[in-house]
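Summary of the model geometry
Listed here are the chains, written in short residue letters.
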Amino acid sequence: MALFYVQGVPIGWMAIMLAIVASMGGYDTGQISDILLMPDFLLRFATCSTPGDESTCSFSIVREGLIVSLLSIGTMAGCLLGAPTADYLGRRYAMTVECLVFMIGVVVQISSTHVWQQFAVGRLISGIGVGSLSAAVPMYQAETAPPQIRGALTATYQLFITFGILVAYCISIGTRNIALSGSWRTVVGIGFVWPLVLGLGILFMPESPRWLTARGRYDEARRSLAVSRGVSALDAETHYVINREMDDMREAVEFEKRERAGWLDCFTTDRKQLYRTILISVLQSFQQLTGANYFFYYGATIFESVGISDSFVTQIILGAVNFGCTFGGLYIMEKFGRRLPLIVGGVWQSVWLFVFAAAGTAKDPTSNPNIGKLMIVSACLFIFGYAQTWAPGIWILVGETFPTRTRAKQAAIATTANWLWNFLIAFFTPFIVKSIKFRYGFIFAACNLTGAVIVYFFLYESSDLSLESVDMMYSDPSCKPWTSSTWAPAGFESRQDLIEQSRAAEAHKPLATEERMEKVGDPSTKA
């Protein structure tokens, strides 16, 4: 039974559940910022001039950078390992295995006593699991979610990342006064909750219908579509919307089977494969270059440096803004598409980063409380824009831009680019901040503006289209990025006509005949 309707098309409760369950994560990103400041952690793993006196303990720039950034090294490896795993085991079982890897890393971290390298290696192992999941989860969500709410459901991946970050901040402020190692081991240990929920919960979700179709398991694929649509098994055989999606998937799979897909196919000019791989990889890189993780990884240290008496509380405020505003992102990315929010968001973020950097550069925030407050407000307003645009938007694009036969590989490449820059920022930020201090914000401000320009000139509007139609749009030589919002598959006059046809299909009215994949390259086809 349908839970509700969007654009006249039924949406089942399972579609919502798969988004929530598949999105559990993000906790590991938020915990390290506060752990680095906990007294027992400093005594065990930092260098102390007076043994036993935590006030004399500090991390060298290299040690701090490695503890924070080795997670990102693991995620890069995990992204590349995750692609063949997801293709071989299926999207669901792959996520369960990746959750197990993450938990092994947590055990290694918790069992660390005085060797910082062991804690760092534990983050490296957890990173392998996180990286694999960061490629698999958005891909699974995009392949399984109905097109009418695909953006919002895929964006829940980012929503639960922000939720995990906020929970990490809250737990850290609650455990910081626990005696001895319980302060930081409790924070790390609670990280078991997320992979348990995801690793077990995903087994009760339907498998990706596109993965099933690619393996000739058409009956299972039809059932998977029916479950996400809230359509009964009896009605699925004759349901207009499901039949049309099944036809699209089968014809796309048949078209793609003519050539075997390897890693090199991600870099061919055929059907703009190279274009798409580079575009999404660049946008993933610029998501990191927005500067968001500058605050999430080193936020407590940053706010301590501007004279805030309790930087832990400021972190919670920042995390709450991040989490709360991501709900707005679910609506914005569905209502206004992909291009406009990313362009506006890039400009907005640039403005507030410029204010942040200018304020911190003009006067010493430690001796000017009002400057410190202005910097916190600027950081919150930056997060306000980021959480609603670039944070969820880029993960949506990872799941919906690539064709089925190479989607796992291209998603892995693009996500690897994200984690590469995550590592570079995490590792080199202490060195850069020591050299140029808050002027670092000017660099991020320029990157945000550059990202907005790239979106305008190169990104195609993919909202309201099936994944197969997105592939057709990128392959249509008459379609340009700045006009792509009006593009629709052959047989439809416009994007709005496509929406109305879907409503007609649900009402069991005749559908327009759609020309298929092979005809996309025909110059006579009108976008």
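This is a predicted model, so every value here is computed, not measured.

Cut-off values and rules
Residues numbered from 1 in each chain as written. Predicted model: local features only at pLDDT ≥ 70, side-chain atom pairs only at ≥ 80, totals over all residues. Heavy atoms only, no water. Helix = DSSP H or I, 4+ residues; strand = E, 2+ residues; numbered from the N terminus. Buried < 20%, exposed > 50% of the residue type's maximum accessible area, 1.4 Å probe, protein only. Contact = heavy atoms within 4.5 Å. Areas by Shrake-Rupley, 256 points an atom, 1.4 Å probe, with all protein chains shown as cover. Core = buried A, V, L, I, M, F, W, Y, C linked by side-chain atoms within 4.5 Å. Disulfide = S-S within 2.5 Å. Patch = residues over 30% accessible without salt bridge, like charges linked within 9 Å, V, L, I, M, F, W, Y side chains within 5 Å. Salt bridge = Lys/Arg side-chain N within 4 Å of Asp/Glu carboxyl O. Axes fitted to C-alpha atoms, helices over the stretch in contact; angles between N-to-C directions. Parallel < 35°, antiparallel > 145°, perpendicular 65-115°, else oblique. Nonpolar A, V, L, I, M, F, W, Y, C, P; charged D, E, K, R; others polar. Expected span 1.5 Å × (residues − 1). pLDDT = per-residue confidence, 0-100. Phe/Tyr/Trp six-rings, centres within 6.5 Å; stacked < 30°, edge-to-face > 60°. Lys NZ or Arg CZ within 6 Å of the ring centre and 35° of its normal.

Assigned secondary structure in the protein consists of 23 helices and four strands. Looking at the 527 residues of the protein, the share that counts as buried comes to 61%. In the protein, once contacts between residues fewer than 6 apart in sequence are set aside, the share between residues at least 24 apart is 78%. Carbon and sulfur atoms make up 67% of the accessible area of the protein, which amounts to about 19500 Å² in all.

Our focus in this paragraph is the nonpolar core. Counting residues in hydrophobic clusters, the biggest one holds 72 residues, and the most contacted among them are Met95, Ile280, Leu283, Phe295, Trp390 and Leu459. Residues contacting Met95, with those up to four places away along its chain left out, are Leu133, Ala136, Val137, Tyr140, Leu198 and Ile202. Counting 33 residues, the second-largest nonpolar core is a separate cluster that includes Leu42, Met76, Cys79 and Phe102.

Another point: the state of the cysteines. Note on terminology: a disulfide is the covalent bond linking the sulfur atoms of two cysteines. For the structure shown, the criterion picks out one disulfide. Across a sulfur-sulfur distance of 1.8 Å, Cys48 and Cys57 are joined as a disulfide pair. Judged by the sign of its S-S torsion, about 105°, the cystine formed by Cys48 and Cys57 is right-handed.

Next up on the list: a nonpolar patch on the surface. Residues Tyr88, Leu89, Tyr93, Val97, Leu196, Leu200, Leu203 and Phe204 make up a contiguous nonpolar surface patch of about 850 Å² in total accessible area. Secondary-structure elements contributing two or more residues to the nonpolar patch are α4 (61-89), α5 (91-110) and α9 (193-201). With respect to the secondary-structure elements, Leu200 resides in helix α9. A relative accessible area of 51% places Leu200 in the exposed class.

So, about the packing of α5 against helix α8 (residues 182-189). Here α5 crosses α8 at 175°, and the two axes come no closer than 9 Å. What the angle tells us is that α5 and α8 run roughly antiparallel. Listed contacts from α8 to Val106, Gln109 and Ile110 of α5 are Trp184, Arg185, Val188 and Gly189. Residues belonging to the contact of α5 with α8 are distributed by class as follows: four nonpolar, two polar and one charged.

End to end, helix α11 (residues 218-229) covers 16 Å across twelve residues, agreeing with the expected 16 Å (1.5 Å per residue, within 8%). All of the buried residues in α11 are Tyr218, Ala221, Arg222, Ser224, Leu225, Ala226, Ser228 and Arg229.

With that out of the way, let us pick up unusual backbone geometry. Phi is positive for Lys272, close to 55°, though the residue is something other than glycine. Topologically, Lys272 is positioned in the loop between α13 (240-256) and α14 (273-288). A residue is classified by how much of its surface remains accessible, and Lys272, at 26% relative accessible area, is partly exposed.

Looking at the protein as a whole, its pLDDT mean stands at 81, while 85% of the residues score no less than 70. Across residues 1-12, where pLDDT falls below 50, the model places 41 contacts with residues more than four positions away in sequence or in other chains. In the predicted structure, residues 509-521 sits below a pLDDT of 50 and forms 38 contacts with residues beyond four places in sequence or in another chain.

In total, this model carries 29 aromatic pairs according to the counting rule given. Aromatic side chains Phe457 and Trp482 sit 6.5 Å apart centroid to centroid with 75° between the ring planes, which places their arrangement in the edge-to-face category. Note that Phe457 is positioned in helix α21 (residues 440-458) and Trp482 in the loop between α22 (467-475) and α23 (495-506), a separation of 25 residues in sequence. Judged by relative accessible area, which is 44%, Phe457 ranks as partly exposed. Aromatic rings pair up to connect Phe41, Phe45, Phe59, Phe119 and Trp184 into one cluster. A cation over a ring is seen here: Lys272 above Tyr275, with NZ or CZ 4.9 Å from the ring centre.

Moving on: the pattern of salt bridges. Proximity of charged atoms lets side chains of opposite charge pair with each other. Applying the stated criterion across every chain, the model contains eleven salt bridges. Linking Glu143 and Arg91 is a salt bridge whose minimum nitrogen-to-oxygen distance equals 2.9 Å. Residue Glu143 is found in helix α6 (residues 116-144), and its partner Arg91 is found in helix α5; the two are separated by 52 residues along the sequence. Accessibility assignment for this pair places Glu143 and Arg91 in one class, buried. What you see here is one network of salt bridges that share partners, running through Asp87, Arg91, Glu143, Arg407 and Lys409.

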